[in-house]
Protein chains: 2
Amino acid sequence: MLPVNPDRFLADLHKLRSFGASGVGKGVVRRAFSDPDIESRKWLTEQYTGAGLTAQIDPVGTVWGLAEGKSLLIGSHSDTQPEGGWLDGALGVICGLELARAGAEAGLPVSAVSFQDEEGRFGVTTGSRIWGGFTSLEDADRLTDTDGVTFGEARARMADLTSDFPDPSRFKGFVECHIEQGPWLDKAGEAAGVVSSIVGIRDMRITFSGEQNHAGTTPMHLRKDAYQGMVAFQNLIAQRFRNLVTPSTVWTTGHVDLYPGSHSIVPGRCTFSMQWRDGEKPRLDRMEEVIREAAEEVAREKGLKLETSGMLSLDPVPMDDGFQAALARGAETIAPGRWRKMPSGALHDSTSVSAHMPVAMLFVPSINGISHAFEEDTREEDLVAGLQILAHAVAEIAA
Amino acid sequence: MLPVNPDRFLADLHKLRSFGASGVGKGVVRRAFSDPDIESRKWLTEQYTGAGLTAQIDPVGTVWGLAEGKSLLIGSHSDTQPEGGWLDGALGVICGLELARAGAEAGLPVSAVSFQDEEGRFGVTTGSRIWGGFTSLEDADRLTDTDGVTFGEARARMADLTSDFPDPSRFKGFVECHIEQGPWLDKAGEAAGVVSSIVGIRDMRITFSGEQNHAGTTPMHLRKDAYQGMVAFQNLIAQRFRNLVTPSTVWTTGHVDLYPGSHSIVPGRCTFSMQWRDGEKPRLDRMEEVIREAAEEVAREKGLKLETSGMLSLDPVPMDDGFQAALARGAETIAPGRWRKMPSGALHDSTSVSAHMPVAMLFVPSINGISHAFEEDTREEDLVAGLQILAHAVAEIAA
């Protein structure tokens, strides 16, 4: 186990929280490229330098603390949602800092990182996706936030601080610690989750078109009601998913648009979002079949026209077996019987980084499963346990 | 039967269409207080005068053609939707004109009317509701259209043409002819519908509030998904309505608002409209019980919070029995076996007028049930049959 210092680690975690502290509980407002974000990144370069690393900010604002030679990379992201929690990615960033310091003391090469804009002011995991080669810098520069600011304009705010992207080949792997952002560990009273895979996502829009009609004079049996098509579709998939899904499979409709949207008009058009996530690609594919079949069936039966949008499709990302085994041994040492293997239902920077090297993730519990909110928190003993599990695993992996 | 002249009637109907003709099929754009509307109302006063009536425009722009003594009032409205059909209320207005002319020839006192803003630029059946005493002129003047123009400002455009409201006591009753705006008569190949009642309406908003959560990390069994609450509610009421409704009962959800409305967030709040219509008050009341019980049941089972808005409640308006009988005899004479008694699923000016006197309505078929659209139409033989049925009934009623 690397010689980590829990007090120093907690102190740094609270120090990072002070950049953009919301004044509501432990909440933080530190969006990518905001003043608190830029200040926190300057502070981080000083800490990396103090840990004996070579600090470097790449062209998109990701902060790197580079150890000599081939090293293990540890970190996450320190930008937050518009109303964010104090841990989220910040926990993984400070774990990286503390493990790099402990690695330096133990003579093991550990580098650290805080990726930029994981929370998606301009996209999703923007900083790591550019480094992972999924998006070119040129394309990224044209992305806009909800106020119309471009990524190019935003990163120009840090231009005086930046130099090059580090070469991915200098790292032997990446380990990311993150809060679970879900309820499983907290409900079970467990200390940690060794992530088996980051779930894949399918996301599309479905549109039923029928006949817009007077809600008083059009009898029920002659209606082609696009909204009722959506209701029938939800019933069909809920029924057909029963023998197909696992307890960690999820599906969500979070957006609905009815046209024309009047109390007194039978809706002629209903567009709604359909998103589903699972750790296994074959299950994602099978769910897609169920969804497309159900939508076609409803359209046929109710005389509606069916249109589907292009589909966002991110396949599940498996975590490295060797890294997982090392994390599992660490977890069993620090919290015997109080940890589990589990998929990650959320996207993380690890997805992007997996393009270049083996990756692994460790989750600590989220109290009541809450994240992306000022109330987000984790018990201090669980934060420290997470650090110690990493200290065990990294000692093995980085050796 | 009054000596009506079908050719003159059809010619006038086409003349009225020319005010605001859209150039698309027979469509008309003649919103209340628009230039074409005001021009058409001037034209109408000339026709009323030519028919031997005393023409008068009241303070809200409703045009009256008044016969001497106690008379039967016949008419409807000549304003249209933003994209309207040529018949809608215009048919009833020209029926009123032709029947007043025929009444004058036969020595029977028949008055005629075209109400203002039935289509709801400023409300619903605004002109007749003011005359019916449901809304004061003072309150109405503060109503605004979607562009922010007040009713007071709009009616000032006609101020040089207007005088007083006529005294309702000079009329012995009101008969309104209108297109069905639904598919029943057209589908059955029938010529006319004698309206039994104008259906009552209940209209409210229902809100389920649950927990806004991450759509990737929140497992299905721990979600409090406000959208899924709405889906469950729709299933429950559809099932429970089965033994309660008649073929002419309708219910509609035409508006849905999900919060926050993101693909990746389990919706924390879902507000949707719920409107139902039926000709019988007890059935409307029983449906309300089913709706409220189902919403409470879903909220309880899914751990959601339930809120309901205030409810708009318009009771059914029965048509006068004697007038109905006269219309039925007229229908059986002109179109033997090819007419029916039926409720009106839409509101009409007759609802407002019923505050003052007995009312009745006659429907003619709408081709494919279409109205409030440029495609709206009715076969010429059915238009003439409607006029002749009225000519029979009015000869009885006005005598």
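Residues numbered from 1 in each chain as written. Chains lettered and ligands numbered in written order. Predicted model: local features only at pLDDT ≥ 70, side-chain atom pairs only at ≥ 80, totals over all residues. Heavy atoms only, no water.

I'm lost on the packing of helix α10 (residues 321–334) of chain A against helix α12 (residues 380–397) of chain A in this one. Help?
The description of two packed helices rests on the angle between their axes and on the distance between the axes. Residue and element names in this part refer to chain A. The contact between α10 and α12 brings their axes to 8 Å, and the two run at 135 degrees. With respect to each other, α10 and α12 are oriented oblique. For α10 against α12, the interelement crossing comes out right-handed. Contact residues: α10 offers Phe323, Ala326, Leu327, Arg329, Gly330, Ala331, Thr333 and Ile334, while α12 offers Ala385, Gln388, Ile389, Leu390, His392, Ala393, Glu396 and Ile397. (Axes fitted to C-alpha atoms, helices over the stretch in contact; angles between N-to-C directions. Helix = DSSP H or I, 4+ residues; strand = E, 2+ residues; numbered from the N terminus. Parallel < 35°, antiparallel > 145°, perpendicular 65-115°, else oblique. Left-handed = near helix turned anticlockwise from the far one by under 90°. Contact = heavy atoms within 4.5 Å.)

Any chance you could explain the relation of the copies chain B and chain A here in plain terms?
There are two copies of the chain, and a rotation about an axis plus a shift along that axis relates them. Relative to chain A, chain B is turned by 180 degrees and slid 0.1 Å along the rotation axis, the superposed coordinates differing by an RMSD of 0.2 Å. Viewed as a symmetry operation, the transformation between the two copies matches a two-fold axis. Residues of chain B ranked by C-alpha distance from the rotation axis are headed by B:Val231, positioned 2.9 Å from it. Comparing interface residues between copies, 100% of those in chain B also sit at the interface in chain A, which points to an isologous, same-surface contact. (Least-squares fit on C-alpha atoms with pLDDT ≥ 70 in both.)

What's the story with the pattern of salt bridges in this structure? I'm lost.
Opposite charge on two side chains makes pairing possible when the charged atoms of those side chains draw close. Applying the stated criterion across every chain, the model contains 49 salt bridges over all chains. A salt bridge links A:Arg101 to A:Asp12, with the nearest nitrogen and oxygen atoms 2.5 Å apart. Separated by 89 residues along the polypeptide, A:Arg101 in helix α3 (residues 90–106) and A:Asp12 in helix α1 (residues 6–18) bring together distant segments of the chain. A:Asp12 matches A:Arg101 in its accessibility class, with the two residues each being buried. Between B:Arg157 and B:Asp35 there is a salt bridge, with the nearest N and O atoms lying 2.6 Å from each other. With B:Arg157 in the loop between α6 (151–156) and β5 (171–179) and B:Asp35 in helix α2 (residues 35–50), the pair connects residues that are 122 residues apart, well separated along the chain. (Salt bridge = Lys/Arg side-chain N within 4 Å of Asp/Glu carboxyl O. Buried < 20%, exposed > 50% of the residue type's maximum accessible area, 1.4 Å probe, protein only.)

Mind showing me how you'd approach the side chain of A:Thr378 here?
When you line up the elements, A:Thr378 lands in the loop between β17 (359–364) and α12. In this structure A:Thr378 touches A:Leu87, A:Ile179, A:Val364, A:Pro365, A:Ser366, A:Ile367 and A:Leu383, once residues within four positions along its chain are discounted.

What am I meant to see in the interface of chain B and chain A here?
Often the size quoted for an interface is simply the accessible area lost on bringing the parts together. Facing the 48 residues of chain B at the interface are 48 residues of chain A. Summed over both partners, the interface of chain B with chain A buries about 3,900 Å², with 57% contributed by carbon and sulfur atoms. By the criterion of area lost to chain A, the three top residues of chain B are B:Thr217, B:Tyr227 and B:His263, representing 16% of everything that side buries. Where chain B packs against chain A, one counts zero salt bridges. If you look at where chain B meets chain A, you find 17 residue pairs in polar contact (both at pLDDT 80 or more). Contributions of two or more residues to the side of chain B that touches chain A are made by α7 (184–188), β7 (200–209), α8 (226–241), β9 (250–252), β10 (256–259), β11 (265–266) and β12 (269–278) of chain B. With six residues, α8(B) is the single largest residue contributor to the side of chain B that touches chain A. When its residues are assigned to classes, the side of chain B that touches chain A shows 19 nonpolar, 23 polar and six charged. (Buried area = accessible area lost by both parts, 1.4 Å probe. Polar contact = N/O pair within 3.5 Å; in protein donor to acceptor, adjacent residues only side chain to side chain. Nonpolar A, V, L, I, M, F, W, Y, C, P; charged D, E, K, R; others polar.)

Explanation requested: the packing of aromatic side chains in the structure shown.
In this structure the tally under the stated criterion is 28 aromatic pairs over all chains. Plain terms: the ring middles of B:Phe33 and B:Phe122 are 6.2 Å apart, the flat faces sit at 70 degrees to each other, and that makes the pair edge-to-face. Of this pair, B:Phe33 sits in the loop between α1 (6–18) and α2 while B:Phe122 sits in the loop between β4 (110–115) and α4 (126–131), placing them 89 residues apart in sequence. An identical accessibility class is assigned to B:Phe33 and B:Phe122; each is buried. When the ring of B:Trp64 is compared with that of B:Phe115, the centres are 5.6 Å apart and the planes differ by 85 degrees; the resulting orientation is edge-to-face. Highlighted residues: B:Trp64 in strand β2 (residues 63–66) and B:Phe115 in strand β4, separated in sequence by 51 residues. For B:Trp64, a relative accessible area of 0% puts it in the buried group. What makes B:Phe115 buried here is its relative accessible area of 0%. Here the aromatic residues A:Trp64, A:Phe115, A:Trp131, A:Phe171 and A:Phe174 are joined through ring pairs into a cluster of three or more. One cation-aromatic arrangement involves A:Arg269 over A:Tyr259; the distance from NZ or CZ to the ring centre is 4.6 Å. One cation-aromatic arrangement involves B:Arg17 over B:Trp86; the distance from NZ or CZ to the ring centre is 6.0 Å. (Phe/Tyr/Trp six-rings, centres within 6.5 Å; stacked < 30°, edge-to-face > 60°. Lys NZ or Arg CZ within 6 Å of the ring centre and 35° of its normal.)

Would you take a moment to explain the side chain of B:Ser128 for this structure?
All names here are of chain B. Residue placement: Ser128 occurs in helix α4. A relative accessible area of 0% means that Ser128 is categorised as buried. Contact partners of Ser128, with chain neighbours within four places excluded, come to Phe115, Gln116, Asp349 and Ser352.

I keep staring at the confidence of the model for chain A and nothing clicks. Help me out?
Interpretation of the predicted coordinates at a detailed level should be avoided for regions scoring low in pLDDT. Residues with a pLDDT of 70 or more make up 100% of chain A, whose mean pLDDT is 96. Predicted complex, confidence summary: ipTM 0.86, pTM 0.86. (pLDDT = per-residue confidence, 0-100.)

Just to check I follow, could you spell out the pairing of strand β10 (residues 256–259) of chain A for this structure?
Side-chain positions along a regular strand alternate between the two faces of the sheet. All names here are of chain A. Of the two faces of β10, the one lined by Val256 and Leu258 is fully buried and the one lined by Asp257 and Tyr259 carries no buried residue. In this sheet, strand β12 (residues 269–278) lies alongside β10 in antiparallel orientation, the contact comprising four bridges. Bridge assignment links Tyr259 to a residue of β12, and that residue is Arg269. (Pairing = 2+ DSSP bridges.)

I tried to follow α3(A) on my own but got confused; where do I start?
Residues and elements named next belong to chain A. Along its 17 residues, α3 runs 24 Å from first to last C-alpha, staying within 8% of the 24 Å computed at 1.5 Å per residue. Counting buried residues in α3 gives 14 out of 17 residues, a clear majority hidden from the surface. Trailing α3 by a residue or two, Gly107 shows a phi angle of about 75 degrees, which is positive. (Expected span 1.5 Å × (residues − 1).)

I tried to follow α1(B) on my own but got confused; where do I start?
Quick reminder: α-helices carry 3.6 residues per turn. Residues three or four places apart thus point the same way. Residue and element names in this part refer to chain B. When the terminal C-alpha atoms of α1 are compared, their 19 Å separation across 13 residues agrees well with the 18 Å that a helix rising 1.5 Å per residue should span. Those residues of α1 not exposed but buried are Phe9, Leu10, Asp12, Leu13 and Leu16. The buried side chains of α1 occupy one side of the element, clustering within an arc of 160 degrees when seen end-on. In this structure, the buried residues of α1 make contact with α2, α3 (90–106) and α12 (380–397). Put simply, Asn5 is the residue that caps the front of α1, since its side-chain oxygen is 3.1 Å from the backbone nitrogen of Asp7. Immediately beyond the C-terminal end of α1, within one or two residues, lies Gly20, with a positive phi of roughly 90 degrees. (Arc of directions from axis to C-beta.)

Help me out: how do you make sense of unusual backbone geometry in this one?
Peptide bonds are trans in most cases, and residues, glycine excluded, mostly fall at negative phi. Here the residue pair A:Tyr259 and A:Pro260 is connected by a cis peptide bond, since its omega of 0 degrees sits within 30 degrees of zero. Of note, B:Asp88 is a non-glycine position whose phi angle comes to about 35 degrees, a positive value. Secondary-structure assignment places B:Asp88 in the loop between β3 (71–77) and α3. You can call B:Asp88 buried: its relative accessible area is 5%.

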